[in-house]
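An overview of the molecular structure
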Amino acid sequence: MTSPTVRFAPSPTGKLHVGNVRTALINWLFAKGQGGRFILRVDDTDTERSTKENEDQIKADLKWLGLDWDDTFNQSDKFAQYDAAADKLRDMGLLYAAYETADELDRKRKIALSRGRPPVYDRAALNLTDEDKAKLEAEGRKPHWRFKLSGDRVEWNDLVRGQQSIDTSSVSDPVLIREDGSYLYTLPSVVDDIDAKITHVVRGEDHVTNSGAQIEIFKALGGTAPDMAHTPLLVDAEGGAFSKRLGSLSMDTLEARGILPMAILSLLAKLGTSDNIDVRETHEALAADFDFSKIGRAPAKFDEKDLLALNATLLHSMPFAAVEEQLKAISPEAANETFWLAVRENCQTVHDAKPFADIAYGRIEPVVDDEDADFISQAGDLLPDGEITAETWKTWTSSLKEQTGRKGRGLFMPLRKALTGQEHGPDMGVLLPLIGREAVVRRLANA
Ligand code: GLU
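So, a few notes on the structure that sits alongside this text. Along each chain, the written sequence defines residue order, and numbers are assigned to residues from 1. The model is predicted, so local features are restricted to residues of pLDDT at least 70 and side-chain atom pairs to those at 80 or more, both for listing and for counting; the totals for chains, interfaces and linings are taken over all residues. To get the side-chain values, take all heavy atoms of the structure and skip hydrogens and water.

1. Quick look at the site of the ligand
Cut-off, in case you're wondering: Residue proximity to a molecule or strand is established when one non-hydrogen atom of the residue lies within 4 Å of it. We define a polar contact as two N or O atoms separated by no more than 3.5 Å, with the added condition that, inside protein, one atom must be a possible hydrogen donor and the other a possible acceptor, whereas residues neighbouring each other in sequence contribute only through side-chain atom pairs. Note that accessible areas follow from Shrake-Rupley with a 1.4 Å probe, and for residues the cover is restricted to the protein chains shown.
In the vicinity of the ligand, the residues found are Arg7, Ala9, Ser11, Asp43, Tyr185, Ser189, Arg203 and His207. Separating a nitrogen atom of the ligand from a side-chain N or O atom of Asp43 is a distance of 2.6 Å. Within the contact set of the ligand, an oxygen atom lies 2.9 Å away from a side-chain nitrogen or oxygen of His207. Burial of the ligand by the protein amounts to 78% of the accessible area it has alone, namely 300 Å².

Here is the structure:
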């Protein structure tokens, strides 16, 4: 097989979220795993809803994720090519003017349904004479333009769904050009896929029906249709469509929450596949695992808990240099290697280091239960002299054990609560030198 060329084609009408990042990633992994090309196509034919700001954010997000593209272009720069393709289809008698309003079409659909027929456009416009059209246009009506489907079956072997067959007589002739002259995505997408020599169209299964029409347009324009792969959609943990919540799952929000690119990519690459959900540290490792045959037909369930778990796994072995900048932003004193190595095992995101930074370098509220008050004051007396080192905790708690007879939880928990204000957290032996003698003495005395 020659190496593939794929494209990811977001519309800059909003931000990237986990749903469309998954489509980008599958394209990227497939192409890069075989030394192919990944093209970023900006689908901005809808000039009203597309913004430059969204486009820039999409590009920044893809870079942040490390999903670099080999080439990029905007559909809004290519209207002349789409016009030429539309003319060609018109000349072939495959693009026809229709004048029905949205209301009229709606009425036709309802009538068809009430008669037990599928709500397919009846092609009434094909019977209009030139005089009819002139009359309609004199009334101020403008045409929209429909592609005339063959009425045959369109078949392809989908890389995810297997053999597909769409009966184009059961589908309405798709509108390619709206009455204001603007293009729907169907025709430009085909023109660009031919132009960019796309070998594989990989996208969500909401596009399966479009593929039937688009394969016919590919043929009409003299191209061969690329191979196709339609992936099941992403659903939330309960199995529902989660479009409402996507805002909280946009890349900039996830980044601000301290979620790492490789956690997002690892989850999105594995979701809905026969592989276990597991972290991979590099894009190359994910690409090596990738195969269309591993993608199942059921919707892929996206659960934020999985994302946090993968993020935690990555953080637990993350070297200090990789988090230094983020730690600085959380607490400048905490941006040191000793601190990071002490707390990383207890963090799901780097933000979880904040309360530990307060324990080590800031202020906390010591917690002492009444029955532990005497024990804590004894602990203050028995604190070994001199600077607190890595050995101090052990020496100190051994002598406390001897003197008080306390052991296990009864020995350690009151000390942890008095010194950190928390019941859980990093190893006290490692924390103690970070807290330092002065704060240890103060917390025990205050308590
Ligand atoms: N802009 C289209 C979308 O986001 C592209 C679909 C395709 O990949 O062909 O749905």
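2. Considering the layout of surface pockets
Selection rule: Both site types are read off a 1 Å grid over the protein atoms alone. A 1.4 Å probe that fits but cannot get out defines a cavity, while an open set with protein on both sides within 12 Å along at least five of seven lines defines a pocket; lining residues have an atom within 4 Å of a point. Grid points are joined across faces, edges and corners, and a volume is the space filled by probe spheres set on the points. We count a stretch as a helix when DSSP gives it H or I for four or more residues in a row; a strand needs E for two or more, and each element gets its number in order from the N terminus. Classes in brief: Ala, Val, Leu, Ile, Met, Phe, Trp, Tyr, Cys and Pro nonpolar; Asp, Glu, Lys and Arg charged; the others, Gly included, polar.
Reported here for the largest pocket is a volume of approximately 1000 Å³. Along the walls of the largest pocket sit 39 residues, with Ala9, Ser11, Asn20, Asp206 and His207 positioned nearest its centre. Those elements giving two or more residues to the lining of the largest pocket turn out to be strand 1 (5-8), helix 1 (18-33) and strand 9 (200-204). Counting residues per element, the lining of the largest pocket draws most heavily on helix 1, which supplies five residues. In terms of residue class, the lining of the largest pocket is made up of 15 nonpolar, 14 polar and ten charged. Space inside the second largest pocket adds up to approximately 270 Å³. The wall of the second largest pocket is formed by 13 residues, among which Lys108, Pro119, Val120, Tyr121 and Asp122 lie closest to the centre.

3. Comments concerning the environment of Asp289
Convention followed: In this analysis, two residues are considered to be in contact whenever any of their non-hydrogen atoms come within 4.5 Å of each other.
Counting through the fold element by element, Asp289 comes out in helix 10 (residues 283-289). Linking Asp289 and Leu40, residues 249 residues apart in sequence, is a C-alpha distance of 23 Å. With near-sequence residues (within four places) excluded, Asp289 lies in contact with Lys270, Asp275, Arg280 and Lys294. Within the local environment of Asp289, its side chain forms a polar contact with the side chain of Lys270, the two groups lying 2.8 Å apart.

4. Observations regarding the pattern of salt bridges
Going by this rule: Each reported salt bridge corresponds to a side-chain nitrogen of Lys or Arg within 4 Å of a carboxyl oxygen of Asp or Glu. Each residue's exposure class comes from its accessible area (1.4 Å probe, protein chains only) as a fraction of the maximum for that residue type: buried when under 20%, exposed when over 50%, partly exposed otherwise.
According to the stated counting rule, one finds 32 salt bridges in the structure shown. A salt bridge links Asp43 to Arg41; the shortest N-O distance between them is 2.6 Å. Accessibility expressed as a relative area gives 1% for Arg41, which makes it buried. Between Lys328 and Glu324 there is a salt bridge whose closest N-O contact spans 3.8 Å. Remark: Glu324 and Lys328 occur in helix 12 (residues 320-330); sequence separation between them is four residues, near one turn of the helix. Given the relative accessible area of 26%, Glu324 is considered partly exposed. One connected set of salt bridges, linked through shared partners, spans Lys270, Asp275, Asp278, Arg280, Asp289 and Lys294.

5. Description of the packing of aromatic side chains
Filter applied, for reference: Between 30 and 60 degrees the pair is tilted, below 30 it is stacked and above 60 it is edge-to-face, where a pair is any two Phe, Tyr or Trp rings, Trp via its six-membered ring, whose centres lie within 6.5 Å.
Using the criterion set out here, one finds nine aromatic pairs in the structure. Arranged with centres 5.8 Å apart and planes meeting at 70°, the rings of Tyr82 and Tyr183 form a pair that is edge-to-face. Remark: Tyr183 occurs in the loop between strand 8 (175-177) and helix 6 (186-195) and Tyr82 occurs in helix 3 (residues 79-91); sequence separation between them is 101 residues. The buried category is assigned to Tyr183, whose relative accessible area is 5%. Aromatic pair Phe290 and Phe292: ring centres 5.1 Å apart, planes at 80°, arrangement edge-to-face.

6. Things to note about the sheet that holds strand 8
Short version of the rule: Two strands qualify as a pair provided that DSSP identifies no fewer than 2 bridges between them. Every angle, taken between N-to-C directions, lies between 0 and 180 degrees, and every axis is a line fitted to C-alpha atoms, over only the stretch in contact when it is a helix.
What the three strands build is an open sheet, ordered 4-5-8; its pairing is antiparallel. Bordering the open sheet on either side are strand 4 (95-98) and strand 8, each of which pairs with just one other strand. Taking each pair of neighbouring strands and ignoring which way they run, the sheet shows an average axis angle of 45°. Pairing between strand 5 (residues 144-147) and strand 8: two bridges, direction antiparallel. Within the sheet, the bridge partner assigned to Trp145 lies in strand 8 and is Ile177.

7. Observations regarding the packing of helix 15 (residues 373-382) against helix 16 (residues 392-404)
Quick reminder of the rule: Should an angle lie under 35 degrees it is considered roughly parallel, over 145 roughly antiparallel, and from 65 to 115 roughly perpendicular; all remaining angles are considered oblique. Should the near helix be turned counterclockwise from the far one by less than a right angle, the crossing is left-handed, whereas a clockwise turn marks it as right-handed.
Two numbers describe how helix 15 lies on helix 16: the axes approach to 10 Å, and their chain directions differ by 125°. On the basis of the axis angle, helix 15 is oblique to helix 16. Judged by the twist between their axes, the crossing of helix 15 over helix 16 is right-handed. Between helix 15 and helix 16, the residues in contact are Phe375, Gln378, Ala379 and Leu382 and Trp396, Ser399, Leu400, Gln403 and Thr404, respectively.

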